[in-house]
Amino acid sequence: MGLRQKWQKGSAVMLTSMVMAAGGTVATASPASAAQACPADNLCLYAYTAFSNMKLRTVKTNECFQLALYDLIDGDGIMSYRNNLPVKAVLWHTTNVAPKPWEALGTIGAGSFSSNTSGNFSAAILVCTGGRSPYWSEA
C-alpha cells in the first residue's frame, strides 16, 4: 500500500469517527429540553413547550393546586400540558373582589394536551381538577 492509499484510509477512519461522534451529539437531547412522558391517569403541567420541564404531576381528581408552589407562575407559566385524568382541570386567577373572587381562565379537558400554550395561561395561579371549586389549597 502506497503512502497516498495509507493517507486516504487513515482519513476515512478519522472522518468516520468524527461523523459517529457528531451523530451521537446530535441524537442526545439535554435533560432540560427532553420531552417528559405523562403517565396514564395523571395531569402533567410543564414550564416549557414540547412537554419538557414537568413541574406538576398529579393523580388527584378533586383537588386544587397553587401554581406558585410548583414554579408555574414565573415567566409564561404553563407552556405545555397533558391531561390523562378522566376529569377536566380548570385554571383560575383571583380577582380579590367579592362576591366573585375567582375567575376561570381556561379548561383542560380530559384526555387533552397542548405542546405549546403560547403563554395563554400566564395569569393562572391555581388549577383545580374534577370540578373542584377554587380555594387556597396547600396541595
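See the structure above.
Conventions and cut-offs
- Residues numbered from 1 in each chain as written.
- Predicted model: local features only at pLDDT ≥ 70, side-chain atom pairs only at ≥ 80, totals over all residues.
- Heavy atoms only, no water.
- Helix = DSSP H or I, 4+ residues; strand = E, 2+ residues; numbered from the N terminus.
- Buried < 20%, exposed > 50% of the residue type's maximum accessible area, 1.4 Å probe, protein only.
- Phe/Tyr/Trp six-rings, centres within 6.5 Å; stacked < 30°, edge-to-face > 60°.
- Lys NZ or Arg CZ within 6 Å of the ring centre and 35° of its normal.
- Contact = heavy atoms within 4.5 Å.
- Polar contact = N/O pair within 3.5 Å; in protein donor to acceptor, adjacent residues only side chain to side chain.
- Salt bridge = Lys/Arg side-chain N within 4 Å of Asp/Glu carboxyl O.

What you tend to see is this: most non-glycine residues have negative phi, and most peptide bonds are trans. Positive phi is not limited to glycine here, since Asn96 has a value of about 55 degrees. Along the polypeptide, Asn96 turns up in the loop between β5 (89-94) and β6 (102-108). The class of Asn96 is exposed, set by a relative accessible area of 66%. The phi dihedral of Ser118 falls on the positive side, at around 55 degrees, and the residue is not glycine. Secondary-structure assignment places Ser118 in the loop between β7 (113-114) and β8 (126-129).

Another point: the packing of aromatic side chains. The final tally for this structure, using the stated rule, is 5 aromatic pairs. Among the aromatic residues, those joined into a ring-pair cluster are Tyr46, Phe51 and Phe113. Over the face of the ring belonging to Phe51 we find Arg82, whose NZ or CZ atom lies 4.4 Å from the ring centre. Above the plane of the ring of Phe113 lies Arg82, whose end atom (NZ or CZ) is 4.8 Å from the centre.

Turning next to the environment of Glu63. Counting through the fold element by element, Glu63 comes out in the loop between β2 (52-58) and β3 (64-66). Separated by 68 residues in the primary sequence, Glu63 and Gly131 have C-alpha atoms spaced 8.7 Å apart. Sequence-distant contacts of Glu63, defined by excluding residues within four places in its chain, comprise Val127, Cys128, Thr129, Arg132, Tyr135, Ser137 and Ala139. Only 2.3 Å separates the side chain of Glu63 from the side chain of Tyr135, close enough to count as a polar contact.

What follows is about the side chain of Ser80. For Ser80, the location among the structural elements is in strand β4 (residues 80-83). Owing to a relative accessible area of 0%, Ser80 belongs among the buried residues under this scheme. Among the polar contacts listed, one links the side chain of Ser80 to the backbone oxygen of Tyr48, at a separation of 2.6 Å. Look past the residues within four positions of Ser80 in its chain and what remains in contact with it is Cys44, Leu45, Tyr46, Tyr48, Thr49, Ala50, Phe51, Ser52, Ser114, Ser115, Asn116 and Thr117.

Tallied over the entire structure, the rule returns 1 salt bridge. Between Asp71 and Lys55 there is a salt bridge, and its shortest N-O distance comes to 4.0 Å. Remark: Lys55 occurs in strand β2 and Asp71 occurs in the loop between β3 and β4; sequence separation between them is 16 residues. Using a relative accessible area of 48% as the deciding quantity, one classes Asp71 as partly exposed. By relative accessible area, which is 30% here, Lys55 ends up partly exposed.

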